[in-house]
Amino acid sequence: MLAGIVTAVAILAAGFPALAQQDETEKEIERYRAMISDPFSNPGFLFVDRGEALWKEARGEKKVSLETCDLGEGAGKLEGAFAKLPRYFADADKVMDLEQRLLWCMEKIQALDTKDIVKRKFGRPGVTSDMQDLVAFIANKSIGMKITPEVSHPKEQEMVVLGEALFFRRGGQWDFSCATCHEATGQRIRLQALPVLSKPGPAAQATMATWPTYRVSQSQVRTMQHRLWDCYWQMRWPDAQYGADAITALTAYLVKNAAGGEIQVPSIKR
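Keep in mind it's a predicted model, so treat the numbers as computed, not measured. (Residues numbered from 1 in each chain as written. Predicted model: local features only at pLDDT ≥ 70, side-chain atom pairs only at ≥ 80, totals over all residues. Heavy atoms only, no water.)

1. A closer look at the layout of surface pockets
Volume-wise, the largest pocket comes out at about 1200 Å³. Lining the largest pocket are 40 residues, and of these His182, Gln192, Ala193, Leu194 and Pro195 lie nearest its centre. In terms of residue count, the dominant contributor to the lining of the largest pocket is helix α9 (residues 224-234) (seven residues). Taken together, the residues of the lining of the largest pocket break down into 22 nonpolar, eight polar and 10 charged. (1 Å grid on protein atoms, 1.4 Å probe; cavity = no way out; pocket = protein on both sides within 12 Å on 5 of 7 lines; lining within 4 Å. Points joined across faces, edges and corners; volume = space filled by probe spheres on them. Helix = DSSP H or I, 4+ residues; strand = E, 2+ residues; numbered from the N terminus. Nonpolar A, V, L, I, M, F, W, Y, C, P; charged D, E, K, R; others polar.)

Listed below in structure tokens is the structure:
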């Protein structure tokens, strides 16, 4: 009996150095982020600058810019728009997130063929993404503002309900759901802590308020579209279609839980 207790204590004690090392690693990661979080040091602001140029560039058959695109606050008004997305747009009669709305404006206002835009939806070495740049620019116009979900229209309410159902829907080769990783406290993937996103509060606020983000490991600004696409890939679900209503619904649910979070974008993550 005594030998068993001693063995158990030894096993528990052996785990303490590993936990301490994880804490130290996270502290160093946060220190690194703080060092390059200044706009003059954060590489994400290079994407913001490119996005501003794209917003003002005349393109498409109509040779006009996106400056008359209404993102919910009025034609061409960017300040605070990102903080209220996804939301219902009467002219399209549907709830849209930022990427969906930008594609709609490109097609309707500019008469731009968006096939190439969608093909380059996620940047990589040697390939820039217009959408990532535009999202970084527009989202940055809401920096310091609070996330304020729009849930007054019936279709907005429907999207939130659908998003919640998708969050808990299990499937794929591993029978995973979003909740598998993001419902219980204290879970990790390697050294990465997994926030609880199924409940309103600080974890959801801190998560949703810091996307788009500059991913140091990928040298790219990544949007929530990319984050959710990557999550579905990691769960071994079929690829999430870019600009799909299902992704907008899931985003609407997450944003509702993040209400009140202060937007700080582009942030920096590993």
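Text resumes after the structure shown.
2. Overview of unusual backbone geometry
The step from Leu85 to Pro86 runs through a cis peptide bond, and the omega angle for that step is 0°. Take Pro86: it is sitting in the loop between α2 (44-56) and β1 (87-89). Cis peptide bonds are those with omega within 30 degrees of zero, and the linkage from Val265 to Pro266 qualifies with -5°. With respect to the helices and strands, Pro266 occurs in the loop between α10 (245-257) and β7 (267-269). You will see that Ala111, though not glycine, has its phi angle at about 55°, which is positive. You can see Ala111 is positioned in the loop between α3 (98-108) and α4 (115-119). One non-glycine residue, Ser219, adopts positive backbone phi at about 55°.

3. Some details on the side chain of Ser267
Tracing the backbone through its elements, the reader meets Ser267 in strand β7. In terms of polar contacts, Ser267 uses its side chain to reach the side chain of Thr213, at 2.7 Å. The residues contacting Ser267, other than those within four sequence positions of it, are Asn42, Thr210, Pro212, Thr213 and Tyr214. (Polar contact = N/O pair within 3.5 Å; in protein donor to acceptor, adjacent residues only side chain to side chain. Contact = heavy atoms within 4.5 Å.)

Spatial relationships are all this shows, so hold off on functional conclusions.
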